[in-house]
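Inside the fold
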Amino acid sequence: MNWNQELLNSAVWLGKTFAITLVVFVLVMAVLARTTVWGRQFWSLSGGYFSPKRSWRPLLGVALLLLFTLFSVRMNVLFSYWYNEFYSALQALDQPKFWFSLNLFGILAAIHVVRALVASYIRSAFTIHWRQWLNDRTVSEWLGGQSYYLGRFAEPSVDNPDQRIQQDVTSLITTTLTLALGLVSAVVSMYEFTGILWNLSASMTVFGTEVPRAMVFLVYVYVIAASVFAFRIGRPLIELNFLNEKFTANYRYLLVRMREYGESIALYRGEEVERRGLLKSFSAVIGNAWDTLWRSLKLDGYNLVISQIAVIFPFIIQAPRLFAGTIKLGDVMQTSQAFGQVEDALSFFRSSYDSFAGYRAVLDRLSGFEANVKASSALALPQLKDNPDALVLRGLSVMRPDGQPLTRDLHLTLSPGQALLIRGPSGSGKTTLLRTLAGLWPFSTGQAERPGGNACLFLSQRPYLPMGSLRGALAYPGDQISDDAARQILAQVQLGHLADQLDVVQDWSQVLSPGEQQRLAFGRVLANRPSIVFLDEATSATDSGLEHGLYALLRAQLPQAMLVSVGHRETLAAFHDQALTLGRDGAWKLESV
């Protein structure tokens, strides 16, 4: 090799190969996206990121990743020729050539290090930008159509959406890059090193037949045959990887629930029941882990045997020619390296089977999550018309998911300043009616009008307290509230002792008692000042005196607000003008209080 011309030759090679690779890469990706299930899944999830209408930067990133992948292959080719000259110099005891080879190695190594660092930066930056886009898209769709709640009513059902968003999004991106760039490197390396191996090979007689360039044919036959058996051994890993993620996420969810309901479990002394549930869930994880272990051992053991045989294979073939003096030691070493490169390239499909199995499982989970989000967004939710001055229900019927009626043909009107108390036996559909009026229950018909947006506020029996400061929890779902207003509201709902902790950041749901949380929720009403408030047993954790004080506070501070309460206490009737009593099989009765 003429090293003086190699800089120009490598630049020309890199330019031509990059142009060809880019065209072929685009065509192959397009074919896979149209003809394979997993290709369509990938494009559905990430196709928008690569749209030039959105931005040209991702496409430039792909081009740079391909360029540096080809650069890496070219460096391997140059190192292959360097090995030949270096070992040939050692065999010939050629000292000047030996030192020239060492100096040349220093130059090649420096270029290789710089290339590796730049390629690592480009790949990491590309991964970060892609992950940010996919995470934003996934979270926005999950929250935008309220799929985080409505997903329970849609098919296909999805377990552990937190895992889909946090873990599977990252895994999809990193594995896509690993497999795609690994495939490009394998194909180009196979082409380049097959040419080198072709020039170094000689004919060989096999079962009485002379095979020209036998080394090339032997490596292809060897690796292809090995890959076929590897695919058969590794195929069950696709399902095992899917089950591993599912069982692990289920176990993690049970642990999170135990932390969330720790006080209730402790009061019930339910440790033994929880332990049995945790061990049962964990046993599924362990059982699947053993199945994966035995299957992986078979695949890894097979791959190791194949790889170790490949180490000595080229030496066995070339040794007779070396001892006969027809080739030099450098030729043998270059043959070994070229054989290894071709074997690695061909083995990419075999060795990546486990990764591809996990990749298919990730695509299945994310595609199922995406399908659930789309299905939940397409649910036939109640049509709520914005009416800033009244709550109006016309022919509203609410059913259970199985079609059994909870409320039939309900008609009522509530004007500003009026209050409605909804009561009835447990299971009669009181809370479900509120869900319908919130637009969260897909099993209903009829028409409903109410104030929309921030003019409407729902208080549940167990208030939600976001992670963050007490000020943020008080203003929720608003953004901010001034110090003076916050302190005044806390005093009004008898939480004045917390006034100095407005900006303390912690999990307030673990600090405040249930009664304090419900009082804080009433403070939210005063902070947001809605036109209508729906209260679903919002005072169940308070005594009757405190309940009386909280409702009196709402009527005094928001005299024009409409109140719709669900409750069982008779003392609530004093703060309401009308009572809606729900019965069985959809019956109802509306009367003045």
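Residues numbered from 1 in each chain as written. Predicted model: local features only at pLDDT ≥ 70, side-chain atom pairs only at ≥ 80, totals over all residues. Heavy atoms only, no water.

1. What to know about the side chain of serine 428
If you trace the backbone, serine 428 turns up in the loop between strand 6 (419–423) and helix 13 (430–437). Separated by 2.7 Å, the side chain of serine 428 and the backbone oxygen of proline 425 make a polar contact. (Helix = DSSP H or I, 4+ residues; strand = E, 2+ residues; numbered from the N terminus. Polar contact = N/O pair within 3.5 Å; in protein donor to acceptor, adjacent residues only side chain to side chain.)

2. Some thoughts on the pattern of salt bridges
This model, assessed by the stated rule, comprises 15 salt bridges. Where aspartate 168 meets arginine 365, a salt bridge forms, and the shortest distance between an N and an O atom there is 2.9 Å. Taken as a pair, aspartate 168 in helix 6 (residues 161–200) and arginine 365 in helix 12 (residues 353–377) lie far apart in primary sequence, 197 residues in all. Taken as a pair, aspartate 168 and arginine 365 share a single burial class, namely buried. Arginine 471 serves as the salt-bridge partner of aspartate 483, at 2.5 Å between the closest nitrogen and oxygen. Of this pair, aspartate 483 sits in helix 15 (residues 483–492) while arginine 471 sits in helix 14 (residues 470–475); the two residues are 12 residues apart in sequence, bridging distant segments of the chain. Taken together, the salt bridges that share partners define one network made up of Arg423, Glu570, Lys589 and Glu591. (Salt bridge = Lys/Arg side-chain N within 4 Å of Asp/Glu carboxyl O. Buried < 20%, exposed > 50% of the residue type's maximum accessible area, 1.4 Å probe, protein only.)

3. Observations concerning a nonpolar patch on the surface
Taken together, the side chains of Phe282, Ile286, Trp290, Leu293, Trp294 and Leu297 define a hydrophobic patch exposed on the protein surface, amounting to about 580 Å² of accessible area. Counting through the fold element by element, phenylalanine 282 comes out in helix 10 (residues 271–323). On the basis of relative accessibility, which here comes to 33%, the residue phenylalanine 282 falls in the partly exposed class. (Patch = residues over 30% accessible without salt bridge, like charges linked within 9 Å, V, L, I, M, F, W, Y side chains within 5 Å. Areas by Shrake-Rupley, 256 points an atom, 1.4 Å probe, with all protein chains shown as cover.)

4. Let's talk about the packing of helix 8 (residues 237–260) against helix 12
Interaxial distance between helix 8 and helix 12 falls to 8 Å at its minimum, and their mutual angle equals 50°. On the basis of their axis angle, the class for helix 8 and helix 12 is oblique. When the axes of helix 8 and helix 12 are compared, the crossing they make is right-handed. Contacts from Leu237, Ile238, Asn241, Phe242 and Glu245 of helix 8 reach helix 12 at Tyr353, Asp354, Ala357, Gly358, Arg360, Ala361, Asp364 and Arg365. (Axes fitted to C-alpha atoms, helices over the stretch in contact; angles between N-to-C directions. Parallel < 35°, antiparallel > 145°, perpendicular 65-115°, else oblique. Left-handed = near helix turned anticlockwise from the far one by under 90°. Contact = heavy atoms within 4.5 Å.)

5. Comments concerning the pairing of strand 11 (residues 532–536)
Taken across its five residues, strand 11 has five buried, putting it largely inside the fold. With burial as the criterion, each face of strand 11 is covered, one bearing Ile532, Phe534 and Asp536 and the other bearing Val533 and Leu535. Of the pairings in the sheet, the one linking strand 8 (residues 456–459) to strand 11 comprises four bridges and is parallel in character. Bridged to leucine 457 within strand 11 is valine 533. Examined bridge by bridge, strand 11 and strand 12 (residues 562–566) share five bridges and lie parallel to one another. When the bridges of strand 12 are listed, leucine 535 appears paired with serine 565. (Pairing = 2+ DSSP bridges.)

6. Quick word on the packing of aromatic side chains
One pass over the full model with this rule turns up 32 aromatic pairs. Measuring from centroid to centroid gives 5.2 Å for phenylalanine 50 and tryptophan 130, while their planes differ by 80°, and the two rings are edge-to-face. Of the two residues, phenylalanine 50 sits in the loop between helix 2 (37–46) and helix 3 (57–92) while tryptophan 130 sits in helix 4 (residues 95–144), which places them 80 residues apart along the sequence. Just as phenylalanine 50 is buried, tryptophan 130 falls in that class too. Ring pairing ties together the aromatic residues Phe79, Trp82, Tyr83, Phe86, Tyr87, Phe98, Trp99 and Phe105, which thus form one cluster. (Phe/Tyr/Trp six-rings, centres within 6.5 Å; stacked < 30°, edge-to-face > 60°.)

7. Structural notes on the sheet that holds strand 4 (residues 391–399)
An order of 3-7-4-5 is seen for the four strands of this open sheet, with the pairing classed as mixed. Each end of this open sheet is capped by a strand with a single partner; those strands are strand 3 (384–386) and strand 5 (405–414). When strand polarity is set aside, the average angle formed by the axes of neighbouring strands in this sheet is 15°. As judged from the three bridges shared by strand 3 and strand 7 (residues 444–450), these two strands associate in the parallel manner. Opposite leucine 384, over in strand 7, you have alanine 448 as the bridge partner. Against the sheet, helix 13 engages strand 3, strand 4, strand 5 and strand 7, with an angle of about 120° to strand 4.

8. Points about the nonpolar core
With 54 residues, the main nonpolar core has Phe42, Phe50, Phe126, Trp130, Leu134, Leu172 and Leu197 as its most contacted residues. Setting aside residues up to four positions removed in sequence, tryptophan 130 forms contacts with Phe42, Ser46, Tyr49, Phe50, Ile173, Thr176 and Leu177. Counting 38 residues, the second-largest nonpolar core is a separate cluster that includes Leu457, Phe522, Val525 and Leu550. (Core = buried A, V, L, I, M, F, W, Y, C linked by side-chain atoms within 4.5 Å.)

9. Quick word on the pairing of strand 12
With five of its five residues buried, strand 12 lies for the most part within the structure. Every second residue of strand 12 is oriented toward a common face, with Met562, Val564 and Val566 on one face and Leu563 and Ser565 on the other, all of them buried. Relative to strand 12, strand 6 runs parallel, the two sharing four bridges. In the strand pairing of strand 12, isoleucine 422 is matched with valine 566. Traced from strand 11 through helix 17 (residues 544–557) to strand 12, the parallel crossover comes out right-handed. (Right-handed = clockwise from strand over helix to strand, strands pointing away.)

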